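Survey of secondary and tertiary structure
Here is how the chains run, residue by residue.
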Amino acid sequence: MGLVTLREILADTREKHYAVGGFNMNSYEDSEGMVMGAARKHSPIIIMTSMACVKYVGLKQLVGMIRGMADTYNIPVCLHLDHATDIDLIKACVGAGYTSVMIDASKKEFEENIAITKSIVDFAHTYGCSVEAELGKLGGREENVVVSDSEKAYTNPEDVPRFVEETGIDALAVAIGTAHGFYKAEPKIDFERLDAITKKTTCPLVLHGGTGVPEEDFRRCVKMGMSKINVGTQLKKDYTDALRKALKENPETEYDPRPFMRPVKEACAQAIMAKIDIFGSENMA
Ligand SMILES: [Zn+2]
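All values derive from a computational prediction rather than experimental measurement.

1. Topic: the pairing of strand β11 (residues 226–231)
- Counting buried positions over the 6 residues of β11 gives 6, a clear majority of the element.
- Note that strand β1 (residues 20–24) and β11 share 4 bridges and pair parallel. Across the sheet, residue Val20 finds its bridge partner in β11, namely Lys228.
- Considered for its hand, the β-α-β crossover made up of strand β10 (residues 205–207), helix α10 (residues 215–224) and β11 is right-handed.

The following block contains the structure:
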C-alpha cells in the first residue's frame, strides 16, 4: 500500500483510544522485524530513523527498503525522520519520499521554535509529508542530542494552542516527565499536565522516551489521548542482546551471517508485538 503520512496514520487514534508506536530502526534486520511484528498484529507502524541512521544506511536505501516492506506486508507504514535539527537533511528526506519528519527546534526560544517549525511545515506539506515538532525540552540523550537536567523543561499547556495553530504541525511532542535513554529511576509522568494539554488542542500528541515507562503509565497516557509513543533505546538493547546470544550459541565454524541475524529480526518483531498490545493498535491497520 506504499507509505502513509503521520497525519493519516494518527487520524483516528484519539477518537478510538489507541496509540501508534514510533520505533527507531538502525539496519535492515530490525526494521524488517518491526514491520513483520506489526503485520502479525494487523497494526499500523511508524518506522523512525535518527539523523545518524540516515547517514549510516543511506537515504535512498531507506526509502526504497521501507516502502518495499510496506508493500510486502500490506499494513500502513509511516517513514519518519526523528529529532532532526539539520534543515538540509530534512529537505533531503522529504524530497526522497519520507512521509513524516520531526523538526526539533525545542532548544530555541518559543518564537524562534514557531518560525523554524512553520518554515519546515510549509516546505514539507507541499510534498505531502507530515511534520512533528516539540514544545518543551525532553531530558536525556538521543543519539548526539544531549539535554541536561537543568536544561529540560516541561511543555506549558498555555503555549500549545498558539504553537499548533501558527505552525500547522501534524503532531506535537510534549515533555511531561519522560526522558530519552535508560532511566536511572522510574519516570514520573505529569498526568495533570497531559490532561491540561489534551484540553487545549486536538492535535495528535507524541510521547518520547518510551523505554522503561511502566505499562500502566503507557495505558493511562493512551487513554488520556496520547497518539504516538516513541521507543528506541529498548530496541537497540533487544537487537544487540539477540545478536550476542546467537553468536554464542552457534558454532565458531558457522560463517553464514543469516543464522546470527534471523534471531535479531524475531527479537524486534516480539518487542513490537508486546508494545502493540499495550498501545492498543492491534487490528487498527
Ligand atoms: Zn525523542
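2. Description of the packing of helix α11 (residues 233–249) against helix α12 (residues 258–279)
- Axis separation between α11 and α12 bottoms out at 8 Å; the angle between their running directions is 145°. For α11 against α12, the interelement crossing comes out right-handed. Note on element contacts: α12 touches α11 through Pro259, Phe260, Pro263, Val264, Ala267, Cys268 and Ala271, opposite Gln234, Leu235, Asp238, Tyr239, Ala242, Leu243, Lys245, Ala246 and Leu247.
- Of the residues contributing to the contact of α11 with α12, the split by class is 13 nonpolar, 1 polar and 2 charged.

3. A few points about the sheet that holds strand β5 (residues 130–135)
- Strand order in the closed barrel formed by 8 strands is β1-β2-β3-β4-β5-β8-β10-β11, and the pairing between neighbours is parallel. Mean inter-strand twist for the sheet, computed between neighbouring axes without regard to direction, equals 25°.
- The pairing of β5 with strand β8 (residues 171–174) spans 4 bridges and is parallel. Note on β8: the bridge partner recorded for Ala133 is Leu172.
- Lying on the sheet, helix α7 (residues 110–126) is in contact with β4 (100–103) and β5; it crosses β4 at an angle near 165°.

4. Quick look at α10
- Phe218, Cys221 and Val222 are the residues of α10 that are buried. In a view along the axis of α10, the buried residues occupy a sector of 100°, so they form one face of it. Away from its buried face, by an angle of more than 90 degrees, α10 presents the exposed residues Glu216 and Lys223.
- Buried residues along α10 sit in contact with α9 (191–200), β10, β11 and α12.

5. Details of the packing of helix α3 (residues 28–40) against helix α5 (residues 59–73)
- Following both chains from N to C, one finds α3 and α5 inclined at 25°, their axes separated by 10 Å at the closest point. On the basis of their axis angle, the class for α3 and α5 is roughly parallel. The chirality of how α3 crosses α5 is right-handed. The residues of α5 that touch α3, namely those facing Tyr28, Ser31, Glu32, Val35, Met36 and Ala39, are Met65, Ile66, Met69 and Tyr73.
- Its residues placed into classes, the contact of α3 with α5 shows 8 nonpolar, 1 polar and 1 charged.

6. Focus on the nonpolar core
- Ranked by internal contacts, the top residues of the largest apolar core, which has 87 residues, are Phe23, Ile45, Ile47, Ile66, Val77, Val101 and Leu172.
- Sort the elements by how many residues they give to this core and α12 lands first, with 8 residues.
- Ignoring any residue separated from it by four or fewer positions in sequence, one finds Ile45 in contact with Val20, Gly21, Phe23, Met34, Val35, Ala38, Ile75 and Val77.

Thresholds applied
Residues numbered from 1 in each chain as written. Predicted model: local features only at pLDDT ≥ 70, side-chain atom pairs only at ≥ 80, totals over all residues. Buried ≥ 20, exposed ≤ 12 C-beta atoms within 10 Å, placed from the backbone. Helix = DSSP H or I, 4+ residues; strand = E, 2+ residues; numbered from the N terminus. Pairing = 2+ DSSP bridges. Right-handed = clockwise from strand over helix to strand, strands pointing away. Axes fitted to C-alpha atoms, helices over the stretch in contact; angles between N-to-C directions. Left-handed = near helix turned anticlockwise from the far one by under 90°. Contact = placed C-beta atoms within 7 Å. Nonpolar A, V, L, I, M, F, W, Y, C, P; charged D, E, K, R; others polar. Arc of directions from axis to C-beta. Parallel < 35°, antiparallel > 145°, perpendicular 65-115°, else oblique. Core = buried A, V, L, I, M, F, W, Y, C linked by C-beta atoms within 7 Å.

Purely geometric numbers; function is a separate question.
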